[in-house]
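These are the residues of each chain, in order.
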Amino acid sequence: MGRRLLFLGPPGAGKGTQAAMLAGALGVPHVSTGEILRRAVAEGTELGRRAEAIMAAGDLVPDDIVVAIVRERLAADDAACGYLLDGFPRTLNQAEALDAGGDAFEIVVLLSVPEAELLSRLAARAGGRADDNEETIRRRLEVYRKETEPLVTYYAARGVSPAEVDGVGTIEDVFARIVLALVKPA
Ligand code: AMP
């Protein structure tokens, strides 16, 4: 099984939870740009100060900033034998920057959840995260459809067809579907 994995899917699809479980099972680091950015905001670093308002609005942090974060993170020793990226790339520019670094993906998982379910899940999570209020949720979904969804076609055109997994169900059910999708011969 490949060791460079990528998780795609709209906000609220459960990417973070499933990505952490799968990375743990495979023994590769789970690299979440959203988590790295939230930590920077909480710590009040220069990066955090630049990202905070953008994240609160549900917009994307500029490509050059996130590309630099990911380059640095993937250069760490623990990522030498693979990694699972969650929340990056989110734009065609980011995907091209990653490809230019020679890091072709072996597996792309696309977690899909219907829009109505996403909205109710995100609303239920509201309060836990600064960007989980109704206006920001709508903006994040819009940004996903416009900027990130085209990556499905981008990877398919490069021979890495995303394995689409139904993200509705219990955490365990969805995880089992992901594992099945990955062991199925292409
Ligand atoms: P997430 O936890 O992946 O939903 O990310 C939370 C927020 O962090 C996003 O709504 C963006 O504002 C920002 N963010 C995370 N990853 C990226 C990325 N790859 N490119 C731009 N912004 C990002």
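That block above? That's the structure.
Caption draft 1: Structural view of the sheet that holds strand 1 (residues 4–8). In spatial order, the strands read 2-3-1-4-5; together these 5 strands make up an open sheet with parallel pairing. Across the chains shown, the open sheet's two edge strands, defined by having one partner strand only, are strand 2 (30–32) and strand 5 (163–166). The average angle at which neighbouring strand axes cross in this sheet is 25 degrees, direction not considered. As paired strands, strand 4 (residues 107–112) and strand 5 are joined by 4 bridges and run parallel to one another. Among the inter-strand pairings, leucine 111 is bridged to a residue of strand 5, identified as valine 165. On the sheet, helix 2 (residues 33–43) packs against strand 2 and strand 3 (83–86) and is oriented at approximately 60 degrees with respect to strand 2.

Caption draft 2: Representation of the environment of glycine 16 within the structure. Here glycine 16 shows up in helix 1 (residues 15–26). Glycine 16 gets classed as partly exposed once you look at its relative accessible area, which sits at 34%. It is 9.0 Å that separates the C-alpha atoms of glycine 16 and histidine 30, two residues lying 14 residues apart in sequence. In this structure glycine 16 touches His30 and Asp86, once residues within four positions along its chain are discounted.

Caption draft 3: Inspection of the packing of helix 7 (residues 134–148) against helix 8 (residues 150–157) at higher detail. Relative to each other, helix 7 and helix 8 sit at 30 degrees, their axes nearing to 6 Å. One way to sum up the angle between helix 7 and helix 8 is to call them roughly parallel. Between helix 7 and helix 8, the contacting residues are Arg145, Lys146, Glu147 and Thr148 on the first element and Pro150, Leu151 and Val152 on the second. Class assignment for the residues of the contact of helix 7 with helix 8 results in 3 nonpolar, 1 polar and 3 charged.

Caption draft 4: Representation of the environment of glutamate 52 in the model. Mapped onto the fold, glutamate 52 is located in helix 3 (residues 46–57). Residue glutamate 52 is classed as partly exposed on the basis of its relative accessible area, which comes to 46%. For the pair formed by glutamate 52 and alanine 130, sequence separation is 78 residues and the distance between their alpha carbons is 9.5 Å.

Caption draft 5: Highlighting the environment of threonine 148. Structurally, the position occupied by threonine 148 is in helix 7. Sequence separation of threonine 148 and glycine 9 is 139 residues, and the distance between their C-alpha atoms is 8.4 Å. Among residues more than four places away in sequence, those in contact with threonine 148 are Leu8, Pro89, Arg90 and Val143. A polar contact is formed between the side chain of threonine 148 and the backbone oxygen of arginine 90, at a distance of 2.7 Å.

Caption draft 6: The arrangement of the packing of aromatic side chains in detail. Using the criterion set out here, one finds 1 aromatic pair in the structure. Consider the rings of tyrosine 154 and tyrosine 155, whose centres lie 5.1 Å apart with planes at 90 degrees: the pair is edge-to-face. For the pair tyrosine 154 and tyrosine 155, one class covers both residues: buried. The lysine or arginine in question, arginine 158, covers the ring of tyrosine 154, its NZ or CZ lying 3.7 Å from the ring centre.

Caption draft 7: Looking closely at the site of the ligand. Close to the ligand lie 16 residues; Thr33, Arg38, Asp59, Gly87 and Gln94 are nearest. Taking threonine 33, its side chain carries an N or O atom lying 2.7 Å from a nitrogen atom of the ligand. Here glutamine 94 contributes a side-chain N or O atom positioned 2.9 Å from a nitrogen atom of the ligand.

Conventions and cut-offs
- Residues numbered from 1 in each chain as written.
- Predicted model: local features only at pLDDT ≥ 70, side-chain atom pairs only at ≥ 80, totals over all residues.
- Heavy atoms only, no water.
- Pairing = 2+ DSSP bridges.
- Helix = DSSP H or I, 4+ residues; strand = E, 2+ residues; numbered from the N terminus.
- Axes fitted to C-alpha atoms, helices over the stretch in contact; angles between N-to-C directions.
- Contact = heavy atoms within 4.5 Å.
- Buried < 20%, exposed > 50% of the residue type's maximum accessible area, 1.4 Å probe, protein only.
- Parallel < 35°, antiparallel > 145°, perpendicular 65-115°, else oblique.
- Nonpolar A, V, L, I, M, F, W, Y, C, P; charged D, E, K, R; others polar.
- Polar contact = N/O pair within 3.5 Å; in protein donor to acceptor, adjacent residues only side chain to side chain.
- Phe/Tyr/Trp six-rings, centres within 6.5 Å; stacked < 30°, edge-to-face > 60°.
- Lys NZ or Arg CZ within 6 Å of the ring centre and 35° of its normal.
- Near = heavy atom within 4 Å.

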